[in-house]
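Understanding the architecture of this molecule
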Amino acid sequence: MLSAGRRALTGLARPRLCEAATPFAARSPAAIRRLLSALAILEQRDGKLNTGSLSAVTAAEKLGGSIHGFVAGSSIKGVAEEAAKVDRLEKVIAVENGAYDKGLPENYAPLLVENIKKGGYTHVIAGHTAFGKNLMPRVAALLDSQQISDITSIEDEKTFVRSIYAGNAVATVESSDDIKIITIRGTAFPAAEVAGGSAAIEDGVDPKADCPTEWISEDLAKSDRPDLATATKVVSGGRGLKSKEEFDKIMLPLADSLGAAVGASRAAVDSGYADNSLQVGQTGKVVAPQLYMAVGISGAIQHLAGMKDSKVIAAINKDADAPIFQVADVGLVGDLFEKVPELTEKLNKA
Ligand code: FAD
């Protein structure tokens with residue numbers, strides 16, 4: 001599990017960062033600022049800043065050093081100007097080139113590496129999103145660093161905390177790499193607000209590397225409901241729904257009565273009841289809404305890994321011994337085909 005660049009705190013490797021002998025907390029803010037500089041990778045889609053990616057700024061803030069934001073794509077000026085309003089950013093590095101619009105990692109990784117080298121950053125931070133997961137290991141490989149994945153907390157400039165074994169254990173990892181390439185769990189770091197700032201906008205370097213990959217098209221599932229990853233309420237259905245027809249008939253009105261996003265267990269997705277993009281769990285999305293309602297979901301550890309940090313968990317299951325009740329704040333033992341329509345009707349009348 002451990003390797004050259006990364007080790008458990010009990011390991012033997014020596015951190016290479018200078019001034020390592022002085023405890024982090026004992027250093028003066030000026031010393032920290034001198035030592036540390038973070039680049040927060042900000043995502044954009046169709047010329048709009050993805051504000052969820054501003055979690056990277058919040059994570060970078062924990063380090064105490066300077067923070068720059070990074071954006072790339074066509075018509076990037078508007079995105080950069082929006083990002084520049086984030087209070088904690090000192091500078092936004094922007095690269096205007098349509099080749100980076102879709103965040104293809106084969107294009108984006110060399111671009112990022114050039115800009116990391118130019119800026120001399122000690123930390124590069126992106127969300128643990130589809131984009132970040134695809135991009136950051138390539139960036140790390142190009143820089144001969146170990147990527148530190150899906151962290152939930154920053155102890156100091158070289159020590160990070162992440163969940164392992166589907167969230168059943170927590171590992172503290174220490175990096176001795178000169179440049180730390182990190183992805184963060186969005187639910188662990190609230191997005192920085194787009195307010196109060198006036199960061200400078202600077203053109204980044206564009207290596208215009210020959211790209212072996214070309215964007216052809218995309219087929220996106222469209223929905224008027226809130227986005228699953230950022231919704232404050234989520235209702236998720238499992239295999240207990242029995243079919244796609246029943247999933248839609250039971251879960252969608254419930255979601256609409258609460259203004260919630262719809263999620264699903266992997267068993268429901270694999271059975272074709274719900275789209276793959278709705279999967280919650282270890283191999284799906286990790287969510288932490290104010291309310292998570294699990295309907296006909298047993299509560300396997302792989303599912304819990306994606307939702308157990310929700311503020312309030314409610315579960316409806318006909319099996320009183322279903323493991324989901326062990327994490328639920330509110331539980332209802334009963335037949336979902338009877339109980340959920342009843343609940344939806346009451347919510348609509350309320
Ligand atoms: P089941 O376990 O079949 O549970 C169905 C539940 O519905 C039961 O508790 C039953 O009592 C209840 N039920 C049935 N009928 C009714 C009714 N009429 N009224 C009320 N309740 C009813 N799973 C995920 O969800 N997300 C992941 O990301 C994920 N990743 C995985 C990764 C790996 C490597 C592996 C090995 C597994 C992963 N899984 C994941 C699968 C996971 O182990 C479970 O198989 C899955 O979560 C089960 O889904 P479920 O609870 O919907 O189905």
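Numbering of residues starts from 1 in every chain and runs along the sequence as written. Local features in this predicted model are restricted to residues whose pLDDT is 70 or higher, and side-chain atom pairs enter the listing and the counts only when it is 80 or higher, whereas totals over whole chains, interfaces and linings include all residues. Side-chain measures here rest on the full set of heavy atoms in the structure, leaving out hydrogens and waters.

1. Things to note about the pairing of strand β6 (residues 91-96)
With six bridges joining them, strand β5 (residues 66-73) and β6 adopt parallel strand pairing. In the sheet register, F70 faces β6, and the bridge partner there is I93. A crossover counts as right-handed when, viewed with the strands pointing away from the observer, the path leading from the first strand over the helix to the second turns clockwise. Working definition: helices are DSSP H or I runs of at least four residues, strands are E runs of at least two. Numbering for both runs from the N terminus. Handedness of the crossover is the feature at issue here: the chain leaves β5, passes through helix α3 (residues 76-84), returns alongside β6, and the resulting connection is right-handed. A pair of strands is labelled paired if DSSP reports no fewer than 2 bridges between them. In the sheet, β6 pairs with strand β12 (residues 200-203) via four bridges, with the strands oriented parallel.

2. A closer look at the pairing of strand β16 (residues 312-317)
With five of its six residues buried, β16 lies for the most part within the structure. Inspection of the sheet shows strand β15 (residues 291-295) paired to β16 by five bridges, in the parallel sense. The residue bridging A294 from the neighbouring strand is A315, located in β16. As defined by bridge partners, β16 adjoins strand β17 (residues 330-333) across four bridges and the pair is classed as parallel. Directly across from A315, in β17, lies its bridge partner G331. Exposure classes here rest on a 1.4 Å probe applied to the protein chains alone. A residue is buried below 20% of its type maximum, exposed above 50%, and partly exposed in between.

3. Side note on the site of the ligand
Throughout, the term near means that a residue has one or more heavy atoms lying within 4 Å of the molecule or strand in question. Residues in contact with the ligand amount to 26 residues; listed here are only the nearest, S265, T283, S298, Q302 and N317. Contact between the ligand and Q279: an oxygen atom at 2.9 Å from a side-chain N or O atom of the residue. Between an oxygen atom of the ligand and a side-chain N or O atom of Q302, the distance comes to 2.7 Å. Each accessible area is a Shrake-Rupley result for a 1.4 Å probe, and residues are judged covered by the shown protein chains and nothing else. About the coverage of the ligand: the protein hides 77% of its 980 Å² of free accessible area. Cavity and pocket criteria rest on a 1 Å grid covering protein atoms alone: a 1.4 Å probe that fits but cannot get out defines a cavity, protein on both sides within 12 Å along at least 5 of 7 lines defines an open pocket, and an atom within 4 Å of a point defines a lining residue. A pocket or cavity is taken to hold a molecule when more than half of that molecule's atoms are within 2 Å of the pocket's grid points. In this structure the site holding the ligand corresponds to the second largest pocket. For the shell around the ligand, the secondary-structure elements that each account for two or more residues are α7 (266-270), α8 (301-304) and α10 (336-349). For the shell around the ligand, the per-class residue count stands at six nonpolar, 14 polar and six charged. Think of a polar contact as two N or O atoms within 3.5 Å of one another; within protein, one of them needs to be a possible hydrogen donor and the other a possible acceptor, and neighboring residues in sequence only count if both atoms come from side chains. Throughout this entry, Asp, Glu, Lys and Arg are counted as charged residues, while Ala, Val, Leu, Ile, Met, Phe, Trp, Tyr, Cys and Pro are counted as nonpolar. The remaining residues, Gly among them, count as polar.

4. A closer look at the packing of helix α6 (residues 244-258) against α10
In a pair of packed helices, the angle between the axes and the distance between the axes together describe the arrangement. The axes used here are C-alpha line fits, helices contributing only the stretch in contact, and every angle between their N-to-C directions lies in the interval 0 to 180 degrees. Between α6 and α10, the least distance of the axes is 9 Å, while the angle of their chain directions is 30°. Relative to α10, the element α6 is oriented roughly parallel. The crossing of α6 and α10 is left-handed. Mapping the contact onto sequence places E246, I250, P253, L254, S257 and L258 in α6 and L336, F337, V340, P341, L343, T344, L347 and N348 in α10. Angles below 35 degrees are treated as roughly parallel, those above 145 as roughly antiparallel, those between 65 and 115 as roughly perpendicular, and all remaining angles as oblique. Helix crossings are classified by the rotation of the near helix relative to the far one: an anticlockwise turn of less than a right angle makes the crossing left-handed, while a clockwise turn makes it right-handed. Contacts are assigned to residue pairs that have any heavy atoms within 4.5 Å of one another.

5. Things to note about the confidence of the model for the protein chain
Caution applies to low-pLDDT parts of the model: their predicted coordinates are not meant to be read in detail. Looking at the protein chain as a whole, the pLDDT averages 90, with 91% of positions reaching at least 70. pLDDT is defined as a per-residue confidence score from the predictor, taking values between 0 and 100. Note on residues 1-21: pLDDT is under 50 here. Beyond four places in sequence and across chains, it has 44 contacts. Overall fold confidence for the complex sits at a pTM of 0.81, while the interface term, ipTM, reaches 0.99.

6. Remarks on the pattern of salt bridges
Any carboxyl oxygen of Asp or Glu within 4 Å of a side-chain nitrogen of Lys or Arg constitutes a salt bridge here. This structure, assessed with the given rule, holds 17 salt bridges. Its salt-bridge partner being E202, residue K118 comes within 3.7 Å of it at the nearest N-O pair. Here the residue K118 occupies a position in helix α4 (residues 105-119), and E202 occupies one in strand β12, the gap between them amounting to 84 residues. A relative accessible area of 27% means that E202 is categorised as partly exposed.

7. Brief notes about the sheet that holds strand β14 (residues 261-264)
Pairing is parallel across the open sheet formed by five strands, whose spatial order is β14-β13-β15-β16-β17. Edge positions in the open sheet fall to β14 and β17, since each of these has one partner strand only. In this sheet, neighbouring strand axes are inclined to one another by 15° on average, regardless of whether the strands run parallel or antiparallel. Judged from the four bridges that link them, strand β13 (residues 233-237) and β14 form a sheet pairing that is parallel. The residue of β14 that forms the bridge with V234 is A261. With respect to the sheet, α6 is in contact with β13, β14 and β15, its orientation differing from that of β13 by roughly 170°. This element, α10, spans β15, β16 and β17 of the sheet and lies at about 135° to β16.

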